[in-house]
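Below are the chains, spelled out letter by letter.
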Amino acid sequence: MIMSVCSVVTSAGLGYLSSTDQLEIPEPIKDSLFGPGETDESGESETPQEDAYEREMEKIVTDMTDERKDTSAKQQKLAVALKALERAKFNASNVGDAFKTVSEASKKLAEAKAQILVYEGLANTSTDEDEKAIWKQAVDQTQKKIDFFQTTYDEAKKGADKAAAALREKAAAEQEAAKERARLAEQRRVEAAAAAEAQRKAKELADLKEGCKNVTWENVYVGGRPGADLAFWNKTSITTGGTTITKGNKKITTERIPKKTTVQENQVSGRDSRGRPTYSWRNKVSYDGYIGIKGKDVGWVAMNKKPSSRQPSSCKDSRPVKRNCAYEPGDFNKLHTFSDSSLKFVIVDNHMGVMQAQTGKFYSIPDKKVMDNPLTSDCKTKLDYK
């Protein structure tokens, strides 16, 4: 804020003091402090340079007040100028490191620039040569301050900029290092997850291989434990002695006498009142004999009635009603011929037929056709079993 003081600076130098006059900053100096056309409209000091200017002017006013008591006008002006010169004197060797920071150097530089404005103004307006010479000396001394603090400021600013650049560089390096640490941590996490997944899959595969050993035969998946779960595994024929064997949606029965074979399938036979499917057993195929394996062939063995001479008395030709007749195997009727004789009966849920080792070719008894292994499992999809 521009403070009111009891003094005036006229075109004739310091002039005489008046109790009613106010100190005003000349327009050229205002332009140096605020910039052309700007004013201190806020009521507050806007720059350190402005504050310094006001302080210096106040000191001069105070000096003028003190000197007017017992001295002539010229002596007053000279005394005030000499006091200002004393304040302006500067010796760089006495400064030391006190003002070597950017902020302090900037502050002292602003003060010196404000002081030189005061001294230059008074030197330019003074009409007394002795007074003018003193003000010029004050200007010269103040210029030394400006040069020193300008150099100090520039060096401090350069050092501060360098330090700031180093800090920015360090921060950038730390940021990059943090990114790299994060990248490595993520890489380790991904690698650990991949290793865990690989270990899980390896165990899963090992368990699968171990489990498949129990349900396979000669590189073929047979859906059960050979010799345990699979009916007629080590047999060359299927005879049930009148008992029905049910596997899923399939049934097979051979009569006790004369060993006629019937294969049935549980099929959709209609719908109930709610539209749900209903099922019933229907014959798929029947043979007048029993199903068997002979070498590379699968077929059925016809059952022929023995001659009367070999029948029990209840089945002789002379009997009007024959009972308990005896039968004997007849011709072998081929249903399919495989490429080799490595054949086994595979009677499991929903499938009844003969399987060939290694190839997995399967003859379906109910469907009377050859197909690839119809049994599905991970042993086939994930391993090399047929």
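Scroll up a little and you will see the structure.
What you see is a predicted model, and the numbers here were worked out from it, not measured in a lab.

**A word on the overall build of the chain**
Move 1: Helix and strand counts for the chain stand at 6 helices and 14 strands.
Move 2: Counting contacts in the chain only where the partners sit at least 6 residues apart, residues at least 24 apart contribute 55% of the total.
Move 3: Counting every atom, the chain has about 22,500 Å² of accessible surface; 48% of that belongs to carbon and sulfur.

**Digging into the state of the cysteines**
Move 1: Taken as a whole and judged by the stated rule, the model has 2 disulfides.
Move 2: Across a sulfur-sulfur distance of 2.0 Å, C212 and C379 are joined as a disulfide pair. One disulfide, between C212 and C379, carries an S-S torsion of -100° and so falls in the left-handed class. Here C212, found in helix 5 (residues 129-212), pairs with C379, found in helix 6 (residues 378-381); they are 167 residues apart in sequence, far enough to count as distant.
Move 3: By relative accessible area, which is 5% here, C379 ends up buried.
Move 4: Bridging C315 to C325, the disulfide has an S-S length of 1.8 Å. Taking the torsion about the sulfur-sulfur bond, which here is approximately 90°, the covalent link between C315 and C325 counts as right-handed. Linking C315 in the loop between strand 9 (297-305) and strand 10 (327-337) with C325 in the loop between strand 9 and strand 10, this pair joins segments that are 10 residues apart in sequence. Across the pair, C325 and C315 agree in class, each one buried.
Move 5: What connects to what in the chain, once the bonded cysteines are numbered by sequence position, is 1-4, 2-3.

**Some points on the sheet that holds strand 6 (residues 261-271)**
Move 1: The strand order 4-5-6-7 describes an open sheet built from 4 strands, whose pairing is antiparallel. At either end of the open sheet lies a strand with only one pairing partner, and these are strand 4 (244-247) and strand 7 (277-287). When strand polarity is set aside, the average angle formed by the axes of neighbouring strands in this sheet is 25°.
Move 2: Sheet topology note: the strand 5 (residues 250-254)/strand 6 ladder contains 5 bridges and is antiparallel. The residue of strand 6 that forms the bridge with T253 is T262.

**Concerning the nonpolar core**
Move 1: Within the largest apolar cluster, 27 residues are counted, with the highest numbers of intra-cluster contacts made by Y53, I60, V118, Y119, W135 and A138.
Move 2: Looking at this core, the elements that each hand over two or more residues are helix 2 (48-67), helix 3 (73-88), helix 4 (102-125) and helix 5.
Move 3: For this core, the element with the most residues is helix 4, which contributes 9 residues.

**Here we look at the packing of aromatic side chains**
Move 1: Counted according to the given criterion, the structure contains 4 aromatic pairs.
Move 2: With a centroid separation of 5.8 Å and 25° between ring planes, the pair formed by Y119 and W135 is classed as stacked. One end of the pair, Y119, is in helix 4; the other, W135, is in helix 5, and 16 residues separate them in sequence.
Move 3: Centre to centre, the rings of W217 and W233 are 5.1 Å apart; their planes meet at 85°, and the pair counts as edge-to-face. You can see W217 sitting in strand 1 (residues 216-217) and its partner W233 sitting in the loop between strand 2 (220-221) and strand 3 (237-238), a full 16 residues away along the chain. Considered together, W217 and W233 belong to a single accessibility category, that of buried residues.

**Brief notes about the pattern of salt bridges**
Pairing between side chains of opposite charge can happen when their charged atoms approach one another.
Move 1: Applying the stated criterion across every chain yields a total of 19 salt bridges.
Move 2: Note that D161 is salt-bridged to K157, the shortest N-O span being 3.0 Å. A residue pair is termed a helical-turn pair when its members lie 3 or 4 positions apart in one helix, as D161 and K157 do in helix 5 at 4 residues.
Move 3: The exposure class assigned to K157 is partly exposed, which follows from its relative accessible area of 32%.
Move 4: E204 is paired through a salt bridge with R200; the nearest N and O atoms lie 3.3 Å apart. Note that E204 and R200 are positioned in helix 5 at a spacing of 4 residues, about one turn of the helix.
Move 5: Residues joined by salt bridges that share partners form a network here, namely E197, R200, K201 and E204.

**Details of unusual backbone geometry**
Move 1: The residue after I257, namely P258, is reached through a cis peptide bond having omega 10°.
Move 2: Structurally, P258 is set in the loop between strand 5 and strand 6.
Move 3: Positive phi is not limited to glycine here, since N219 has a value of about 65°.
Move 4: Mapped onto the elements, N219 comes out in the loop between strand 1 and strand 2.
Move 5: The exposure class of N219 is partly exposed, given its relative accessible area of 25%.

Cut-offs applied
Residues numbered from 1 in each chain as written. Predicted model: local features only at pLDDT ≥ 70, side-chain atom pairs only at ≥ 80, totals over all residues. Heavy atoms only, no water. Helix = DSSP H or I, 4+ residues; strand = E, 2+ residues; numbered from the N terminus. Contact = heavy atoms within 4.5 Å. Areas by Shrake-Rupley, 256 points an atom, 1.4 Å probe, with all protein chains shown as cover. Disulfide = S-S within 2.5 Å. Buried < 20%, exposed > 50% of the residue type's maximum accessible area, 1.4 Å probe, protein only. Pairing = 2+ DSSP bridges. Axes fitted to C-alpha atoms, helices over the stretch in contact; angles between N-to-C directions. Core = buried A, V, L, I, M, F, W, Y, C linked by side-chain atoms within 4.5 Å. Phe/Tyr/Trp six-rings, centres within 6.5 Å; stacked < 30°, edge-to-face > 60°. Salt bridge = Lys/Arg side-chain N within 4 Å of Asp/Glu carboxyl O.

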